[in-house]
Amino acid sequence: MHDQIRQFILVNFLFGDGSRLFDSTPFLESGIVDSTGLLEIIEFLETTFNITIEDQELRSVNLNSIDNIVRFVREKQKQ
Amino acid sequence: MDAKHILTASWGTPLQGLLEGSARQYPDKIAVICGEVRASYTLLNTLANRFCGALRDHGLQKGDIVAILHENSLNFIAAYFGALKAGAVVAPLNTDLKPNGLQPILLELLPKAIIASARQTEKLESCSEEVFARTAVLLSDGDSSARNNRFDLVSIRHIASYPSTDFDPVRTISENDIACIIYTSGSTGKAKGVMLTHGNIVANTRSICDCLRLTERDIQMVVLPFSYVFGLSLLHTHIAVGGTLVINNLFCFTGGMLEQMKTEMVTGFSGVPSTYAFLLHRSPLVAFRDSLPCLRYCSQAGGHMTRKVKLELRRALPDHTNIIIMYGATEASARLTWLDPRYYFEKTGSIGREIPGVTIKTLDETGGEVRPGEIGELVASGPNIMLGYYLDPVSTSRVLDVHGYHTGDLGYRDGEGFLYVTGRRDNQMKVGGYRVDPQEIEDVIMDSGLVVEAAVVGMPDDLQSTVIEALIVPVIVTDGQEELFVHCARCLPRYKVPQHFFVIAELPKNGNGKIDRRQCAEMISHLQARQRTAVESRSIHA
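Residues numbered from 1 in each chain as written. Chains lettered and ligands numbered in written order. Predicted model: local features only at pLDDT ≥ 70, side-chain atom pairs only at ≥ 80, totals over all residues.

**Observations regarding the overall build of chain B**
Logical step 1: Counting secondary structure elements, chain B contains 15 helices and 27 strands.
Logical step 2: In terms of overall dimensions, chain B is globule-like: its C-alpha atoms have a radius of gyration of 24 Å, near the 24 Å expected for 542 residues.
Logical step 3: A total of 542 residues make up chain B; the buried ones form 49% of that total.
Logical step 4: In chain B, the share of contacts with a sequence separation of at least 24, taken over all contacts with a separation of at least 6, comes to 67%. (Helix = DSSP H or I, 4+ residues; strand = E, 2+ residues; numbered from the N terminus. Rg over C-alpha atoms; globule rule 2.2 N^0.38 Å. Buried ≥ 20, exposed ≤ 12 C-beta atoms within 10 Å, placed from the backbone. Contact = placed C-beta atoms within 7 Å.)

Now the structure itself:
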């Protein structure tokens, strides 16, 4: 799961250049992703991992870094 | 006269006096909340004094330009007021600019000092040497090593080592001195630096505070960048009344933002149309309806918000929350009109009436005033109208004349004095001999309820000269757009129905959240080409 998420961010937002992308890098503050990008990430997570992300879950702690996403998706899959 | 009016009556220039006055009157009150930081007025003013000290220490004189390239934060606010205290002209720049957009602006400004966040400092390293020709110091959050030896690099972390000098250039600054140069978004053509004086901004700040009845009890959620004049006016007005600014730079995480609004008991929220479109379609706003008892108002400016969004917003927000529609321009220091929320339903399409001190006339092409109900250009005058565009007398003379500031917006005034904007002079297209404004078509598309966002653009066409095309973000993605075609055909004359509805994930916007029409046109051109290729390929295979 981690590698799939990282790959999606790399290919779609960084054109394959991973030098700036660490698992804890905050997407918005580092300028990697904007609001459009966030919507793309949500769509990717919903279709790839077969989860539904509720509006209430649109929080930095869930979606603003690879670490946060991995933790969040694992939690969702347990539900 | 209540306390607020005594206070506003005593305001005067210079602009930094707004902070100094509140620091005297409300020393321990929280001025800024940003992440874990909660700064009192005393702390903010002290920090601003230290920025002033650091700048003066590097030889900054009255009238020198200080560029701020920093995301919204306590440091931004302290740097902004610190630079004003030092007598500088402050240019807050859009942090979304790429180096190729930043370079010409810095080249025009040739700032004496630059104050930048870590991320923005990296960006500066891509700019050419020439932009630093007059730079004496770069105050940065970052650890970047100086890219040359011509200017000093000072870490903002060391700003505390500068004395909180009570340097007072106030007596040397007049209301006609330039306080800020704010760059317009430049979505159509070259970005222009709008020169606003201390007098411009203080006058407009006072008028906005009066209309919104702002007091020291107000707590504003800030999601708009301070480099954008609407965002900057939130800073001026709330600092002026001794209110609190809650800075949240992660608006698109709407769940977290609304939770913060609830926790911090926010009283005011402000956004552009796309802010509200996002809130309505990808946020738990409705779930928070009963959790925002303090939210006194939401204000909207920065472009036309469709009737449908206005009505949806009214349903989604708590009943006690007023929605205040405002209209303005960077060239007007921020705001020109406001719609008193009592008229929200009766005058839904209106931008309201002038704020105190402003006059708007609707003029025809010869400069004559048109009658109520007739369309003319909105031309504004008042103490908030800019001095002109920086180093650009030609552009200045195109928009400023004896009548005032020509907004480029077309509109009319109804019999009761309420103003309506019908479109932009420069967005109008000529289609089949008819003058068409994209706004009317976008409103019809949005009214269908099938679409989250829409932008209509006139595209060049070999046969018809111009064809109407639309970019849409549908509520539900479907194969075709038959339903939308049927809806438009029912509501619009045939020549106004878009030729295609191209589906995309989100409309391209500039850093301020406004729709970037130039980028929309580029996107459509690309999609048209792709469609032509697909058709050609299908016909070859057939």
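**What to know about the overall build of chain A**
Logical step 1: Looking only at helices and strands, chain A has 4 helices and 0 strands in total.
Logical step 2: Along chain A, from the amino end to the carboxyl end, the secondary structure elements read α-α-α-α.
Logical step 3: Radius of gyration (C-alpha) of chain A: 12 Å, near the 12 Å computed for a compact globule of 79 residues.
Logical step 4: Counting only residues that meet the buried cut, chain A has 22% of its 79 residues in that class.
Logical step 5: Long-range pairs, those at least 24 residues apart, make up 53% of the contacts in chain A between residues at least 6 apart in sequence.

**Side note on helix α9 (residues 254-263) of chain B**
Logical step 1: By the burial criterion, the buried members of α9(B) are T254(B), G255(B), G256(B), M257(B), L258(B) and M261(B).
Logical step 2: Elements that come into contact with the buried residues of α9(B) comprise α3 (60-63) of chain A together with β10 (219-222), β12 (268-271) and α10 (273-281) of chain B.
Logical step 3: The first or second residue beyond α9(B) is M265(B), which carries a positive phi of 55 degrees.

**Overview of the interface of chain A and chain B**
Logical step 1: Residue-level contacts link 16 residues of chain A with 14 residues of chain B.
Logical step 2: In terms of residues, the side of chain A that touches chain B owes the most to one element, helix α2 (residues 35-49) of chain A, which gives 5 residues.
Logical step 3: Of the residues contributing to the side of chain A that touches chain B, the split by class is 5 nonpolar, 7 polar and 4 charged. (Nonpolar A, V, L, I, M, F, W, Y, C, P; charged D, E, K, R; others polar.)

**What to know about the pairing of strand β15 (residues 334-339) of chain B**
Each regular strand carries side chains that alternate between the two faces of the sheet.
Residue and element names in this part refer to chain B.
Logical step 1: Here β15 lies mainly inside the structure; 6 of its 6 residues are buried.
Logical step 2: Sheet topology note: the strand β14 (residues 322-329)/β15 ladder contains 5 bridges and is antiparallel. Across the sheet, G328 pairs through a bridge with R335, a residue of β15.
Logical step 3: Linking β14 to β15, which pair antiparallel, is a turn of 4 residues; within it S333 sits at a positive phi near 65 degrees. (Pairing = 2+ DSSP bridges.)

**Here's the deal with the nonpolar core**
Soluble globular proteins tend to bury their nonpolar side chains together.
All names here are of chain B.
Logical step 1: Grouped together as the largest cluster of nonpolar side chains are 174 residues, with contacts concentrated most on I68 and V90.
Logical step 2: At 9 residues, helix α4 (residues 74-85) tops the list of elements feeding residues into this core.
Logical step 3: With sequence-adjacent residues up to four places away left out, V90 is seen in contact with V66, I68, Y80, A83, L84, A179 and C180. (Core = buried A, V, L, I, M, F, W, Y, C linked by C-beta atoms within 7 Å.)

**A look at the confidence of the model for chain B**
Low pLDDT marks regions whose predicted coordinates should not be analysed in detail.
All names here are of chain B.
Logical step 1: Summary statistics for chain B give a mean pLDDT of 89 and a share of 92% for residues scoring 70 or more.
Logical step 2: Overall, residues 1-9 carries pLDDT values under 50, and its contacts beyond four positions in sequence, including any with other chains, amount to 7 contacts.
Logical step 3: Of the two predicted TM-score estimates for the complex, the pTM is 0.86 and the ipTM is 0.90. (pLDDT = per-residue confidence, 0-100.)

**Details of unusual backbone geometry**
Residues and elements named next belong to chain B.
Logical step 1: Its identity as a non-glycine residue notwithstanding, R213 has a phi of 55 degrees, on the positive side.
Logical step 2: Along the chain, R213 falls in the loop between α7 (198-212) and β10.
Logical step 3: Look at R213 and you get partly exposed, because 13 C-beta atoms sit within 10 Å.

**Things to note about the sheet that holds strand β13 (residues 297-300) of chain B**
All names here are of chain B.
Logical step 1: Strand order in the open sheet formed by 9 strands is β2-β1-β11-β10-β12-β13-β14-β15-β16, with mixed pairing between adjacent strands. For this open sheet the edge positions go to β2 (37-40) and β16 (353-354), each flanked by a neighbour on one side alone.
Logical step 2: Pairing geometry for β15 and β16, over 2 bridges, is antiparallel. Bridging from a neighbouring strand, W338 pairs with R353 of β16.
Logical step 3: This element, helix α3 (residues 41-57), spans β1 (30-34) and β2 of the sheet and lies at about 85 degrees to β2. (Axes fitted to C-alpha atoms, helices over the stretch in contact; angles between N-to-C directions.)

**Let's talk about the packing of α7(B) against helix α8 (residues 229-241) of chain B**
Residue and element names in this part refer to chain B.
Logical step 1: At their nearest, the axes of α7 and α8 sit 9 Å apart, and the two run at 75 degrees to each other. Looking at the two axes, α7 sits roughly perpendicular to α8. Residues I201, T205, I208 and C209 of α7 form the contact with α8, whose own contacting residues are S233, H236, T237, A240 and V241.
Logical step 2: Looking at the contact of α7 with α8 residue by residue, the classes come out as 5 nonpolar, 4 polar and no charged. (Parallel < 35°, antiparallel > 145°, perpendicular 65-115°, else oblique.)

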